[in-house]
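Survey of secondary and tertiary structure
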Amino acid sequence: MDQSVAIQETLERGENCIIAVQCDVFFDNITESRLLGLVESTKEHAIFIYTHRRMAIAADDVSLEDIIPISLDFAVVEVSSPEELVIVGADTKVRVSFLKDELELRLPFGSHSRLFLSEVNRAWSDVCKSTAQAPKFEWISKYHKPTRDQGVVKQALAPLGTTLSKLNQHRKTEKLSNEKEKGANSGTQKSKQAYSGPESQGKSSREDRDDLVRSSSHTISNKAQILAMPQFGLRDNLIKCELLKNEVLYTYTENFSFFLGTYNVNGQPPKDSLRPWLSCTPNPPDMYCVGFQELDLSKEAFFFNDTPKELEWTRAVSDALHRDAKYALVKLVRLVGIMLIFYVKKEHAEFISDVEAETVGTGIMGRMGNKGAVAVRFRFHNSDICVVNSHLAAHIEEYERRNQDYKDICGRLQFRQFDLSQPPLTIMKHDVIFWIGDLNYRISELDVSNVKELISKKDFETLHSYDQLKRQIDEEAVFVGFVEGGIDFQPTYKYDTGSDKWDTSEKCRVPAWCDRILWRGKNIMQQHYQSHMTIKTSDHKPVSSLLVVGIKKVNAEAYKKTFEEIVRNIDKMENECIPSVTLSKREFHFKDVKYMQHRAETLSLFNDGQVPCQFEFIQKPNESTYCKPWLTANPPKGFIAEGGSVDIELEVFVNRSTAPELNSGKEQIEDILVLHLERGKDYFISVTGNYRPSCYGSSIHSLCQLREPIQDMPQETLRNMAEMSRDDNENTEKPLDIPKELWMMVDHLFRNALYQEDIIQQPGLRSEFAEIRDCLDTGIPDSLPGSNHSVAEALLLFLDALPEPVVPYSFYQQCLECCSNASQCERVIAMLPQCHKNVFNYLAAFLRELLQNSASNRSDVNILATIFASLLLRSPTKQDLAEKRKTQEFFQHFLTQGSS
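Residues numbered from 1 in each chain as written. Predicted model: local features only at pLDDT ≥ 70, side-chain atom pairs only at ≥ 80, totals over all residues. Heavy atoms only, no water.

1. Points about helix 19 (residues 740-752)
- For helix 19, with 13 residues, the first-to-last C-alpha span of 18 Å sits near the 18 Å given by 1.5 Å per residue.
- Among the residues of helix 19, those classed as buried are K740, E741, L742, M744, M745, V746, D747, H748 and L749.
- Where helix 19 is buried, its residues touch helix 17 (700-705), helix 20 (766-778), helix 21 (788-801) and helix 24 (834-852). (Helix = DSSP H or I, 4+ residues; strand = E, 2+ residues; numbered from the N terminus. Expected span 1.5 Å × (residues − 1). Buried < 20%, exposed > 50% of the residue type's maximum accessible area, 1.4 Å probe, protein only. Contact = heavy atoms within 4.5 Å.)

2. Observations concerning the packing of aromatic side chains
- One pass over the full model with this rule turns up 29 aromatic pairs.
- For the ring pair Y559 and F563, a centre distance of 5.9 Å and an interplane angle of 35 degrees mean the geometry is tilted. A residue pair is termed a helical-turn pair when its members lie 3 or 4 positions apart in one helix, as Y559 and F563 do in helix 15 (residues 556-573) at four residues. Accessibility assignment for this pair places Y559 and F563 in one class, buried.
- Here the aromatic cluster, defined as three or more aromatic residues joined through ring pairs, consists of F48, Y50, W139 and Y143.
- Lying across the ring of Y441, R402 places its NZ or CZ 5.3 Å from the centre.
- The cationic tip of K541 hangs over the ring face of Y495; the distance from NZ or CZ to the ring centre is 5.0 Å. (Phe/Tyr/Trp six-rings, centres within 6.5 Å; stacked < 30°, edge-to-face > 60°. Lys NZ or Arg CZ within 6 Å of the ring centre and 35° of its normal.)

3. Regarding the pattern of salt bridges
- As enumerated under the stated definition, the model contains 38 salt bridges in all.
- One salt bridge connects R516 with D467, and the closest N-O pair in it is separated by 2.9 Å. One end of the pair, R516, is in strand 19 (residues 515-520); the other, D467, is in the loop between helix 13 (460-464) and helix 14 (468-474), and 49 residues separate them in sequence. D467 carries the same exposure label as R516, and that label is buried.
- Note that E565 is salt-bridged to R568, the shortest N-O span being 3.0 Å. In this pair, E565 and R568 both sit in helix 15, three residues apart, roughly one turn of the helix.
- Given a relative accessible area of 37%, E565 falls into the partly exposed group.
- Exposure remark for R568: the relative accessible area of 40% places this residue in the partly exposed category.
- Three or more residues are tied together by salt bridges with common partners; here these are K507, E757, D758 and R858. (Salt bridge = Lys/Arg side-chain N within 4 Å of Asp/Glu carboxyl O.)

4. Things to note about helix 21
- For helix 21, built from 14 residues, the straight-helix expectation of 20 Å at 1.5 Å per residue is met to within 8% by its first-to-last C-alpha distance of 20 Å.
- With respect to burial, helix 21 is a largely interior element, 14 of its 14 residues being buried.

5. Here we look at the sheet that holds strand 23 (residues 587-593)
- Pairing within the open sheet is mixed, and its five strands lie in the order 23-30-29-25-27. Lying at the two open borders of the sheet, with one neighbouring strand each, are strand 23 and strand 27 (637-640). Across the sheet, the axes of successive neighbouring strands diverge by a mean angle of 20 degrees, strand direction being ignored.
- Pairing analysis gives seven bridges linking strand 29 (residues 670-677) to strand 30 (residues 682-691), with the strands arranged antiparallel. Across the sheet, V674 pairs through a bridge with F684, a residue of strand 30. (Pairing = 2+ DSSP bridges. Axes fitted to C-alpha atoms, helices over the stretch in contact; angles between N-to-C directions.)

Okay, structure coming up:
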């Protein structure tokens, strides 16, 4: 986490920031934002409190304000009330105490806050359990901070002893209640404990405070949480599996309304009221999910993901919500200019749980956040819901790239579960999915005049038949299983800003339905799907959809009856049989594995035993993970009902971290997986294959020694070259000045792409990258295939995969130190090994050529410096923001003037 890095930089040598979290601090009727860091030194812990700038990333952004030692006099207690939970929409309020001082904090809801609190509580528990001498905290004195009564911690309004005595009294009552239930059979006893609510699970027998910190979402009034509790051990998983199978016995559906809205604002501030859009329904919706794209088009937003427009548009949304209801902001998530805001009626807030947010960038190299998606998942009553807001690739001809973006988002966007031992949830693992955004699919095969004529006739049905998204869905290329309502409104793109006139610019864009709303799931009915023409802030029009969704709710009595019946049945079959499975095969061979090529085979497990079973791939002796880094089993663990089966994808994928060893032959595609059954035996699965060496992941030094394509070279030759030092002169043949593969890509771009718009910024196609890679590795054909954008991305991926960057790690610090002096920068480059120096100067010269033609290709010196500095001057350790800026400044000298 960047905030942890900022704190770490302010610490003396020997201290370590374990985890950091941003929160609100309450004192003297004032709320202020602070950054908390849990710091460890010599097995002692303390909470460091920092004031901070808006984006705390580097040491200069934070300032140490106070320190709270975690000793026997320390306590942390949750003080959130149910009323407060409804108001704030699921944040957690806690009171931290030390001696007579007290500090009240509000932490944002989410797994990271839960993790911070659990780490703090673990540190305090270690102090209580320790039999050694009480901690002295001598290391704290060197920070020369104010004494305790001068810090931010204020005098307690209520003595800590009062709080603790109430908690201990509550514990005694619980203990007496539990003792009364002794004598019941073990199955029924477990049933009552599990049903009594989250607070009663996971208690230790000793009277300590290990569980005083609890997630604010875990209240007994939240019946949805009964099924969402983390499960430990085979018995709990059996119960959970049976509950899910019999869900129909204890759940019923109730309809709730979801307002979904999407708006590409083209970098504009909110000029018009959003009320005609967000309050267009006669009755207030139960939920609002509002998505924006292109919130901020500035370079600052692109580089540093910080923008003041987030607050402007959030206020505009808040002011425009339906006036006949009160709403709580549950979650806001943003990636550069893609933002999603989730509001809920306050009376529903207590039934929202398991809220998580994630982002995925799909811009150049599949990372940049100018395109991609943000998403929020949550549980409402007993239904799991996921909302995705995406901005896919632009331009009419790039529909295949948009398809690829969709698949990337589905594959890469994963939510961490409340039970961290469980595998993450993907988008498709939800009962209900809403997908909104500027999907950028266009109308093709019609010229602009024909499109406008159909619009004037309101013949939207004919026009829709030429819509790329409709055609791609019909071909099952994207959004399989999703539904979109009928479109009876005119295209939402592209207008002259501030008007209802179609684009009158030189490009005269063809109108299109870029802005779309789709859904997937059962019991969903659409009430309306429309655009809002009166809002003229952008070159797009906002779109809204009102969906009525049948949400699963739990009948408490029916749930209890079902639960107890399941427990009784499990008690009967427990210990009767040992679990066993049949494997579809035990040997897997992956032929001709290539760099960045996904290869997968399916391992099917069939439960042929008489009881359900739990499986997991386990580590072999002296190994830290269950498999080699190029191999993944998905899912790595799971549960199979009696007579059931599960398919496990064994996926081989070689990336920049694993390619060097495989290229040289030091590592082979060979591994043994150990599949373990809980209370059963282990199964051994062999995974083998052959890897086709690639220029991707090979060193500059090795590639300069190769005059033939790398796949024509014997494995022994490649191994010897990898082991050969740069100063080794045994090879009498003069090496190439630069790798031929690099020359082929740059030369192709020089000849074909100097005038290409958005070159180096717009991603290419994955399929075309595979063709380019094969061409470079085999030398067939002589010229590179694919679009210019795909060749440009292949070049960036080549630089990213180098085991040692163009500027070797040993020169990195020198580059940072001299970044502001152009002549010193040139002297550092002159000191590089010859082949590295040649590559650096060759790339810089090419980029200067691009910039000289910027009027045609729209290249920007700041963007080129940002992208290439991150590839040519990689840090040997984690790079902070200050270092990132220095590397950009260093490389920019070579883009704005000649280098020697």
